[in-house]
Amino acid sequence: MSDDFIDTNIFAYLFDETDVAKSEAAAAVVRRAIDAGDGVISFQVVQEVLNLSTEKFAATATPDRAARLIEDILQPLWR
């Protein structure tokens, strides 16, 4: 079975506070990918998500929150 690639836009939706339905759908995709071990992201996605979370989102991530994002969500998917 091949891995499913998760693009940056899924993570943008995950943190989108203006559209709850998109945020919940994105959370389900990411959660399932981590739990099943069949989701994958690229280094480019890691960079883009960190840029979005620390500079572009309405509620920017603190260094501690960005570190948790890497450890809990991005690292399990990055191969």
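Residues numbered from 1 in each chain as written. Predicted model: local features only at pLDDT ≥ 70, side-chain atom pairs only at ≥ 80, totals over all residues. Heavy atoms only, no water.

**A word on the overall build of the chain**
Applicable threshold: Helix numbering and strand numbering both begin at the N terminus, where a helix is a DSSP run of H or I of at least 4 residues and a strand a DSSP run of E of at least 2. Only C-alpha atoms enter the radius of gyration, while the globule expectation follows 2.2 Å times N to the 0.38, with N the number of residues. When a residue's accessible area, from a 1.4 Å probe over protein chains only, is under 20% of the maximum for its type it is buried; when over 50% it is exposed; and in between it is partly exposed. Any pair of residues with heavy atoms lying within 4.5 Å of one another is described as a contacting pair. Every accessible area reported is derived by Shrake-Rupley at a probe size of 1.4 Å, with residue values counting cover from the shown protein chains alone. When charges are counted, Lys and Arg contribute as positive and Asp and Glu as negative, whereas His and the chain ends are disregarded. Charged side chains are reduced to one point each, which is NZ for Lys, CZ for Arg, CG for Asp and CD for Glu.
Looking only at helices and strands, the chain features 4 helices and 2 strands. Each helix and strand of the chain, ordered N terminal to C terminal, gives the series β-α-α-β-α-α. Taken against the 2.2 N^0.38 rule, which gives 12 Å for 79 residues, the C-alpha radius of gyration of the chain at 12 Å falls within 12% of a compact globule. The dimensions of the chain, computed from C-alpha atoms along their principal axes, are 40 × 25 × 20 Å. Each of the 79 residues in the chain was classed as buried or not, and the buried ones make up 30%. Long-range pairs, those at least 24 residues apart, make up 69% of the contacts in the chain with a sequence separation of at least 6. With the model as given, the accessible surface of the chain reaches about 5,000 Å², and the carbon-plus-sulfur share is 53%. Here the chain contributes 7 positively and 14 negatively charged side chains, and the mean placements of these two sets differ by 1 Å.

**Some details on the confidence of the model for the chain**
What counts, and what does not: Known as pLDDT, the predictor's per-residue confidence is scaled from 0 to 100.
Averaged over all residues, the pLDDT of the chain is 91; the fraction at 70 or higher stands at 97%. Considering each helix and strand of the chain separately, the mean pLDDT is smallest for helix α3 (residues 43-56), with a value of 92, and largest for strand β2 (residues 39-40), with 96.

**Considering helix α2 (residues 20-36)**
Applied cut-off: Expected span of a helix: the number of residues minus one, times 1.5 Å. For this quantity, the arc is that covered by the directions from the helix axis to the C-beta atoms. Between N or O atoms, a polar contact is any pair within 3.5 Å; within protein, one atom must be a potential hydrogen donor and the other a potential acceptor, and residues adjacent in sequence are included only when both atoms are from side chains.
Helix length check: α2 (17 residues) gives 24 Å between terminal C-alpha atoms against 24 Å at 1.5 Å per residue, within 8%. For α2, every residue scored as buried is listed here: Ser-23, Ala-26, Ala-27, Val-30 and Ala-33. Take α2 and look down its axis: the buried residues cluster within an arc of 135 degrees, on one side only. Residues of α2 that are exposed and point over 90 degrees away from its buried face: Val-20, Ala-21, Glu-24 and Asp-35. Looking at the buried positions of α2, the neighbouring elements they touch are α1 (8-14), β2 and α4 (63-77). Between the side-chain oxygen of the N-cap and the backbone nitrogen of Ala-21 there are 3.3 Å, and the N-cap of α2 in question is Asp-19. Once α2 finishes, Gly-37 follows within two positions and takes phi at roughly 70 degrees, a positive value.

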